[in-house]
Amino acid sequence: MNILLLGSGGREDALAWRLRQSPSCDKLLAGPGNPGIARWAEIVAVDPCDPGAVVEFAKRRGIDLVVIGPEAPLVAGVADALRRTEIAVFGPSAIAAQLEGSKGFTKDLCRANGIPTADYVRTERAADARAALDGFSIPVVIKADGLAAGKGVTVAMSRAEAEAAIDTNGDAPLVIEEFLEGEEASLFALVDGETAVPLASAQDHKRVGEGDTGPNTGGMGAYAPAAVLTSELQARAMEEIVEPTARALAMAGTPFSGVLYAGLMLTADGPKLIEYNVRFGDPECEAIMPLIDGDFAELLHAVATGRLEEVEPRLTGKHAVTVIVAARGYPGTPASGGLIREIEAAEQVEGVTVFHAGTALGAEGLIAKGGRVLAVTAVADTFANARARAYRAVDQIDFADGFHRSDIGWRQLARENA
């Protein structure tokens, strides 16, 4: 197959790396790509959010499968345009992508279909949101209703903090939500309409600081699989959350096709849905891709063409840990242009691949271009060994403007050391 991958971040670098290893991938193109993706794919000039441009390019280059990495092209309807021209695409329609594009859409779907999630109120104006706080205990969760790149959520520990979060969003639509107690985990399922099968689990670290403190980010690291999401809990999450969602969308005439990423809270009452994403998470994708066995390109093509029942996702049984190296100032205004050296030395550590999340080529070499810059990923037979390898590799990288958390996987480490 000739495959076109859309996107330019660490997730797309990991997808490109894995697709390139697939026996059924004859040629891999990526746009707009980044210097890391260029190691595995031909970089092409195409606007991933322009449906017409993507369709024209795919036709001209004889593309057999388009893999959409980020959420913005999905919400923009790129998958719809490709399907109308009968080009296979891995990614949901714009309507189905509302599962991520609108928190309110997802909450309403959950309520209508008995899917376990936190109680909530949708509001359209700041005054209504402040009034809605009276119906919730503190802590309370304030969510922007639209796309927010993983950063549109505030867990307010006081009424004043909740009101400040509301005011920050102005009169934009919000979801005011009950705070759920428990441990978070991510479940990734492949869906080709009504058929849904689990692929992998992971646990990420959203806060910028050690011990999960400070503001939310797009993710400072992840590990896979998430041991806290036991096989029993995963089966419940599929039966009570993912499968009813797929059925509801199919019955509405807007079937979901692609990867459904369920952010779960593992409560005393069982798994509850925090939110959906309609693409692979970042940095979870960087941790999951090295664990997938078999022909990954064929697996995605089977999803895209409604043949998921014919294939079975397989994992290697190993463990992976991803540590994000971010630019100073992130998640605020990150320092840009800092020189990055010794990635090759980092990749000399056994089991390590360094994925590029926000890099560019400058006059002197590789430079930072973005908040999250590198995703240092290590694989090993045990979680502890994967974690040790990842940090050994991070220590090899010369990036004066970079910083990272030193406690990725701390919950799992604590469980193993208990």
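Structure: see above.
Predicted, not measured: the structure shown is a model, and the values here were computed from it.

Conventions and cut-offs
- Residue positions are given per chain, counted from 1 along the sequence in the order it is written.
- Selection of residues for local features in this predicted model requires a pLDDT of at least 70, selection of side-chain atom pairs for listing and counting requires 80 or more, and totals for whole chains, interfaces and linings are taken over all residues.
- Derived side-chain values reflect all non-hydrogen atoms in the structure, with water molecules and hydrogen atoms excluded from consideration.
- When DSSP finds two or more bridges between two strands, those strands count as paired.
- Strands are runs of DSSP state E lasting at least two residues, helices are runs of H or I lasting at least four, and both sets are numbered from the N terminus onward.
- Contacts are assigned to residue pairs that have any heavy atoms within 4.5 Å of one another.
- Where helices are involved, their axes are fitted lines through C-alpha atoms of the stretch in contact, as for all axes, and angles between N-to-C directions lie from 0 to 180°.
- A pair of aromatic rings is counted whenever rings of Phe, Tyr or Trp (Trp by its six-membered ring) have centres within 6.5 Å, and the orientation is called stacked for planes under 30 degrees apart, edge-to-face for over 60 and tilted otherwise.
- Burial classes follow relative accessibility: with a 1.4 Å probe on protein chains only, a residue under 20% of its type's maximum area counts as buried, one over 50% as exposed, and anything between as partly exposed.
- Points on a 1 Å grid over protein atoms alone make up a cavity when a 1.4 Å probe fits among them but cannot get out, and a pocket when they form an open set with protein on both sides within 12 Å along at least five of seven lines; lining residues each have an atom within 4 Å of a point.
- Grid points are joined across faces, edges and corners, and a volume is the space filled by probe spheres set on the points.
- By the convention adopted, Pro, Cys, Tyr, Trp, Phe, Met, Ile, Leu, Val and Ala count as nonpolar, Lys, Arg, Asp and Glu as charged, and the other residues, Gly among them, as polar.

Participant: Tell me about the sheet that holds strand E2 (residues 27-32), residues and numbers included.
Facilitator: Strand order across the open sheet formed by 5 strands is E3-E2-E1-E4-E5, with parallel pairing between neighbours. Because the sheet does not close on itself, it has two edges, and the strands there are strand E3 (42-43) and strand E5 (88-90). Where E2 lies against E3, 2 bridges are found, and the strand directions are parallel. Bridging from a neighbouring strand, Ala30 pairs with Ile43 of E3. Packing against the sheet, helix H1 (residues 10-20) makes contact with strand E1 (2-7), E2 and strand E4 (65-68), and its axis sits at approximately 170° to E1. Against the sheet, helix H11 (residues 296-304) contacts E1, E4 and E5, and its axis sits at roughly 110° relative to E5.

Participant: A description of the packing of aromatic side chains should follow, citing residues and the corresponding values.
Facilitator: In total, this model carries 6 aromatic pairs according to the counting rule given. Pairing Trp17 with Phe355 gives two aromatic rings, centres 5.6 Å apart and planes at 75°, and the pair type is edge-to-face. Highlighted residues: Trp17 in helix H1 and Phe355 in strand E20 (residues 352-356), separated in sequence by 338 residues. Its relative accessible area of 0% is what places Phe355 among the buried residues. Measuring from ring centre to ring centre gives 6.4 Å for Phe280 and Phe296, while their planes differ by 55°; the resulting arrangement is tilted. Here Phe296 lies in helix H11 and Phe280 lies in the loop between strand E16 (270-277) and helix H10 (284-288), a separation of 16 residues in the sequence.

Participant: Tell me what's going on with empty space enclosed by the protein, and back it up with residues and numbers.
Facilitator: Enumeration over the complete set of coordinates arrives at 1 cavity of 30 Å³ or more. Counted as a void, the largest cavity has a volume near 40 Å³. The wall of the largest cavity is formed by Lys103, Thr106, Lys107, Lys143, Glu177, Ile274, Glu275 and Tyr276. The set of elements that each furnish at least two residues to the lining of the largest cavity consists of helix H6 (103-113) and E16. Here the residues of the lining of the largest cavity sort into 2 nonpolar, 1 polar and 5 charged.

Participant: Can you tell me about the environment of Asp204, naming the residues and giving the values?
Facilitator: Inspection of the secondary structure puts Asp204 in strand E11 (residues 196-204). What makes Asp204 buried here is its relative accessible area of 12%. Separated by 41 residues in the primary sequence, Asp204 and Glu163 have C-alpha atoms spaced 27 Å apart. Not counting residues within four places of it along the chain, the set of residues in contact with Asp204 comprises Gly221, Ala222 and Glu284.

Keep in mind that these numbers describe shape and distance, not what the molecule does.
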